[in-house]
Amino acid sequence: MSMHQGGEKMAIAPELSIIVPVFNEAANVGPLVTLVAAALEDDAWELIFVDDNSPDGTADRVKAIAATDPRVRCIRRVGRRGLSGASIEGMLSSSARYVAVMDGDLQHDERVLVRMLALIRGQGTDLVIATRERDGNAITGLSGQRSLVSDFGRFLSRLVIKADVKDPMSGFFMVRREVVEAAAPKLATEGFKILADLLATTDRPLVIRETPYVFRERQHGESKLDARVAFDYLGFLLHHLTGRLVPVRFFLFGLVGASGVVVHLGVLKTVLAMLPAFGFDIAQTSATFVAMFSNFLLNNGLTYRDRRLVGWSLVPGFLIFALSCSVGVIANVGLARIIFSEGQQWWVAGLAGALTGAVFNYVTSGLLVWRKKS
Ligand code: GDD
Ligand code: MN
């Protein structure tokens, strides 16, 4: 091997950095290094694992390998979660000409890296996407439900992605590093759709090549992407449809808020029907609290999943959330009243108030309840 000439380890700057976001993949990292090393042989590459402090000791495994193999590195992030953010951080730590992103669970066929590298070295190519081969209608290795989400997602992605690519949701691609360096400040760190985000964000049209491969079944560990993926994706689309002005999270917060209205009306109707003796005021108050609580739990599990509160911290979290939402109501009603008294339509006043309340709640809950860990 060229790196170990004459028994001395010669440091060769890598041409390719392969970024592997990992969360609870301890059993997979060793085999992955072996497979990638076998596939890429003498090319100058490095593997950068980005681990979000997995409880199963993934980072320790990677570092044990890195201790004897200088081609392997580990970035251990603490207090943060997310496939996109981890991938971006890994790519930005590279100084190679090309960077690739690849899953760490052996579902991505490492032999495709050779083909991707050959394609991206070609004149003018900016990006190579490894496209999941379809077996009939579905992508093999994805559950039925996930396949559906993936198909619908591809259809919707046409709204924000100008390039015509077969698999914008692929987690397996190789790109000139300068493309990522330019787009990075505009990329969303929440969520999982890193490639789709890159495609929707780059200013100049990219020269894209696609190469098919068979998505393998997972052998060890489990998928971290679930039904929440669809919810996440909706936020992503709205974010891009508004010209990236409105953050993804605000839309998620708004969707949860809208669900709260449904919960509220449901509880109100139920209490009025089943406990008529309580009267309207009590029914309305209970509906308000139940809706607030459901909004709190949904925001904790979905909107702020990467910063979610667990255990006892949920108690002060909910109290602060309820308190700041109450202040939001005052702002909402106050503004709506002013606008209405100025002679505006009832719905204009109502909408302006509701929107103000939503923005207020969004800002305060981000600052007070789901604070970014430092
Ligand atoms: N650092 C980090 N932080 N890594 C993560 C996180 C996280 O929060 N969540 C997931 N990963 C890692 C996993 O450990 C794995 O290496 C890779 O990201 C993909 O995660 P999976 O949970 O295995 O995803 P999947 O197989 O269900 O989804 C596949 O299809 C998606 C689109 O439909 C993947 O190929 C995704 O990359 C792809 O976007
Ligand atoms: Mn997977």
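Note that the coordinates shown come from a computational prediction; the quantities given were computed from them, not determined experimentally. Sequence order as written defines residue numbering, which begins from 1 separately in each chain. Written order decides the labels, with chains lettered from A and ligands numbered from 1. With the structure being a predicted model, the display of local features is reserved for residues of pLDDT at least 70 and the display and counting of side-chain atom pairs for 80 or more, all residues being used for whole-chain, interface and lining totals. Values reported for side chains reflect all heavy atoms of the structure, with hydrogen atoms and water molecules removed beforehand.

Here we look at helix 4 (residues 112-120)
Heads up, the rule is: Each residue gets one of three labels from its accessible area relative to the maximum for its type: buried under 20%, exposed over 50%, partly exposed in between, using a 1.4 Å probe on protein chains only. To qualify as a helix, a DSSP run of H or I must reach at least 4 residues; to qualify as a strand, a run of E must reach at least 2; elements of each kind are numbered from the N terminus. In this description, one arc is meant: the one made by directions from the helix axis to the C-beta atoms. Working rule for contacts: check all heavy atoms of both residues, and any pair within 4.5 Å makes them a contact.
Three or more residues of helix 4 are buried, namely Val112, Leu113, Met116, Leu117, Leu119 and Ile120. The buried residues of helix 4 occupy an angular sector of 165° when the element is viewed end-on, so they sit on one face. Elements in contact with the buried residues of helix 4: strand 1 (16-22), helix 1 (26-40), strand 4 (98-101), strand 5 (127-132), strand 8 (173-176) and strand 9 (208-213).

A few points about the domain arrangement of the protein
Counted only if it meets this: Reported domain spans reflect what an automatic or database domain assignment gives. Summed over both partners, buried area is the accessible surface (1.4 Å probe) that two parts give up on being assembled. Whenever Lys or Arg places a side-chain nitrogen within 4 Å of a carboxyl oxygen from Asp or Glu, that contact is recorded as a salt bridge. Counting of polar contacts relies on pairs of N or O atoms within 3.5 Å, with two restrictions inside protein: one atom must be capable of donating a hydrogen and the other of accepting it, and residues adjacent in sequence are counted only when both atoms are side-chain atoms. Amino acids outside the nonpolar list (Ala, Val, Leu, Ile, Met, Phe, Trp, Tyr, Cys, Pro) and the charged list (Asp, Glu, Lys, Arg) are all regarded as polar, and Gly is one of them.
The domain architecture assigned to the protein consists of domain 1 (2-224) and domain 2 (248-369). For domain 1 and domain 2, the distance between their C-alpha centroids amounts to 39 Å. Residue-level contacts link 4 residues of domain 1 with 4 residues of domain 2. With both chains or domains summed, domain 1 and domain 2 bury close to 350 Å², and 46% of this area falls on carbon and sulfur atoms. Where domain 1 packs against domain 2, one counts 0 salt bridges. One can count 0 residue pairs in polar contact (both at pLDDT 80 or more) joining domain 1 with domain 2. Partitioned by chemical class, the residues of the side of domain 1 that touches domain 2 number 1 nonpolar, no polar and 3 charged.

Remarks on the coordination of the manganese ion (ligand 2)
Definition in use: Metal donors: N, O and S atoms at distances within 2.8 Å, or within 3.2 Å for Na, K and Ca, with water omitted from the atom set so that some sites may seem incomplete.
Donor atoms from the polypeptide that coordinate the manganese ion (ligand 2) comprise Asp105 (OD) and Gln107 (OE1), at 2.0 Å from the metal. Overall, aspartate 105 belongs to the buried group, its relative accessible area being 4%. Under the relative-accessibility criterion, glutamine 107 is labelled buried at 8%.

As for the site of ligand 1
Note the cut-off: Here a residue counts as near a molecule or strand whenever at least one of its heavy atoms sits within 4 Å of it. Every accessible area reported is derived by Shrake-Rupley at a probe size of 1.4 Å, with residue values counting cover from the shown protein chains alone.
In the vicinity of ligand 1, 25 residues are found, and the nearest of them are Glu25, Arg81, Asp103, Ser223 and Lys224. Phenylalanine 23 has a polar backbone atom sitting 2.9 Å from an oxygen atom of ligand 1. Contacts to ligand 1 include glutamine 107, whose side-chain N or O atom sits 2.8 Å from an oxygen atom. When ligand 1 sits alone it has 740 Å² of accessible area, and the protein chains cover 97% of it. Of all the secondary-structure elements, those providing two or more residues to the shell around ligand 1 are strand 1 and helix 3 (83-92).

Quick notes on the pattern of salt bridges
Counted according to the given criterion, the structure contains 19 salt bridges. With a shortest N-O distance of 3.7 Å, glutamate 46 and arginine 73 are connected by a salt bridge. With glutamate 46 in strand 2 (residues 45-51) and arginine 73 in strand 3 (residues 72-76), this residue pair connects regions lying 27 residues apart in the sequence. Given the relative accessible area of 11%, glutamate 46 is considered buried. For arginine 73, a relative accessible area of 32% corresponds to the partly exposed category. In this structure, glutamate 89 engages arginine 80 in a salt bridge whose closest nitrogen and oxygen atoms are separated by 2.6 Å. For arginine 80, a relative accessible area of 39% gives the class partly exposed.

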